[in-house]
Amino acid sequence: PPAMRPEFATSGTASFLAFSVIGLFLALVPTYVAALSGSANLLLAGAAVAALPGCSALAQLAGFGRRARTLESLGLPLLAVGLVLLAVAGGLSSAALLLGATVIAGTGHGLAFLGGLTTINNAAPADRHAEALGAYYVIIYLGAGFPVIGVGAVATMAGLLPAVQGFAVGVAVLCLALVLVRAARRRRVTAAP
């Protein structure tokens, strides 16, 4: 619905970015962990993958009932920090830093997703709620699928480390840009008579 398009655009974008990180972790991080640690230990790779949605779930439980804008405003920068640390972990070949990046990114994911979902639930008119929520979930699934396919394609040409690092830095920049766009829009709405 036209009245909720600004909220849908920013919350949908935030969740698209957050779920692109989930897609990356589920698809490519096990191989990334093996490359960083020099180990083919499946438990280590599985723990890194499981930590992201686990931290996301815990962040959602902790954030439940809080203001949607606050959740997204905290989640997106955390997601960006986690992604930058993921890129740095690859450069330093640090599995420990990778684990820290995973915890931070997972927490950011949970807060950004919960904030976005809450925003959509609150903004959607009752007679169009299912339609708005359905469109929101389509965006999430696109975020979980398409970007990681691109990262995989880049990884086959340039290597896994540069592909993951490029993705991580790019999505981190987009997360921070979205925070700035939302802050500017909030200032504009507040300043309007």
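What this report covers is the structure whose coordinates are included nearby. (Residues numbered from 1 in each chain as written. Predicted model: local features only at pLDDT ≥ 70, side-chain atom pairs only at ≥ 80, totals over all residues. Heavy atoms only, no water.)

### Examining the overall build of the protein chain
Then, in step 1: Secondary structure assignment for the protein chain yields 7 helices and 0 strands.
Then, in step 2: The C-alpha radius of gyration of the protein chain comes to 17 Å, within 12% of the 16 Å expected for a compact globule of 193 residues.
Then, in step 3: Along the first, second and third principal axes, the C-alpha atoms of the protein chain reach 60 × 35 × 30 Å.
Then, in step 4: Residues counted as buried form 44% of the 193 residues belonging to the protein chain.
Then, in step 5: Accessible surface, the protein chain: about 9200 Å² in total, of which carbon and sulfur atoms supply 73%.
Then, in step 6: The protein chain carries 10 positive and 4 negative side-chain charges, and their two centres are separated by 11 Å. (Helix = DSSP H or I, 4+ residues; strand = E, 2+ residues; numbered from the N terminus. Rg over C-alpha atoms; globule rule 2.2 N^0.38 Å. Buried < 20%, exposed > 50% of the residue type's maximum accessible area, 1.4 Å probe, protein only. Areas by Shrake-Rupley, 256 points an atom, 1.4 Å probe, with all protein chains shown as cover. Lys, Arg positive; Asp, Glu negative; His and termini not counted. Charge placed at Lys NZ, Arg CZ, Asp CG, Glu CD.)

### Comments concerning the side chain of Ser15
Then, in step 1: Looking at where Ser15 falls in the secondary structure, it is placed in helix H1 (residues 5-27).
Then, in step 2: A residue is classified by how much of its surface remains accessible, and Ser15, at 0% relative accessible area, is buried.
Then, in step 3: Those residues in contact with Ser15, other than ones at most four positions away along the chain, are Ala112, Phe113, Gly116, Tyr136 and Ile140. (Contact = heavy atoms within 4.5 Å.)

### Observations concerning the packing of H1 against helix H4 (residues 68-92)
Then, in step 1: At a minimum axis separation of 11 Å, H1 and H4 run at an interaxial angle of 35°. In terms of crossing hand, the pair formed by H1 and H4 is left-handed. Contact with H1, carried on its side by Glu7, Thr10, Ser11, Ala14, Leu17, Ala18, Val21, Leu24 and Phe25, involves Arg69, Glu72, Leu76, Leu79, Leu83 and Leu86 of H4 and no other residues of that element.
Then, in step 2: Across the contact of H1 with H4, the residue classes tally to 10 nonpolar, 2 polar and 3 charged. (Axes fitted to C-alpha atoms, helices over the stretch in contact; angles between N-to-C directions. Left-handed = near helix turned anticlockwise from the far one by under 90°. Nonpolar A, V, L, I, M, F, W, Y, C, P; charged D, E, K, R; others polar.)

### Regarding the packing of aromatic side chains
Then, in step 1: Inspection of every chain in the model, using the stated rule, returns 3 aromatic pairs.
Then, in step 2: On the numbers, 5.9 Å between centres and 75° between planes, the contact of Tyr136 with Tyr137 is edge-to-face.
Then, in step 3: Tyr137 sits in the partly exposed class, given a relative accessible area of 30%.
Then, in step 4: Following the ring pairs from residue to residue traces out a cluster consisting of Tyr136, Tyr137 and Tyr141. (Phe/Tyr/Trp six-rings, centres within 6.5 Å; stacked < 30°, edge-to-face > 60°.)

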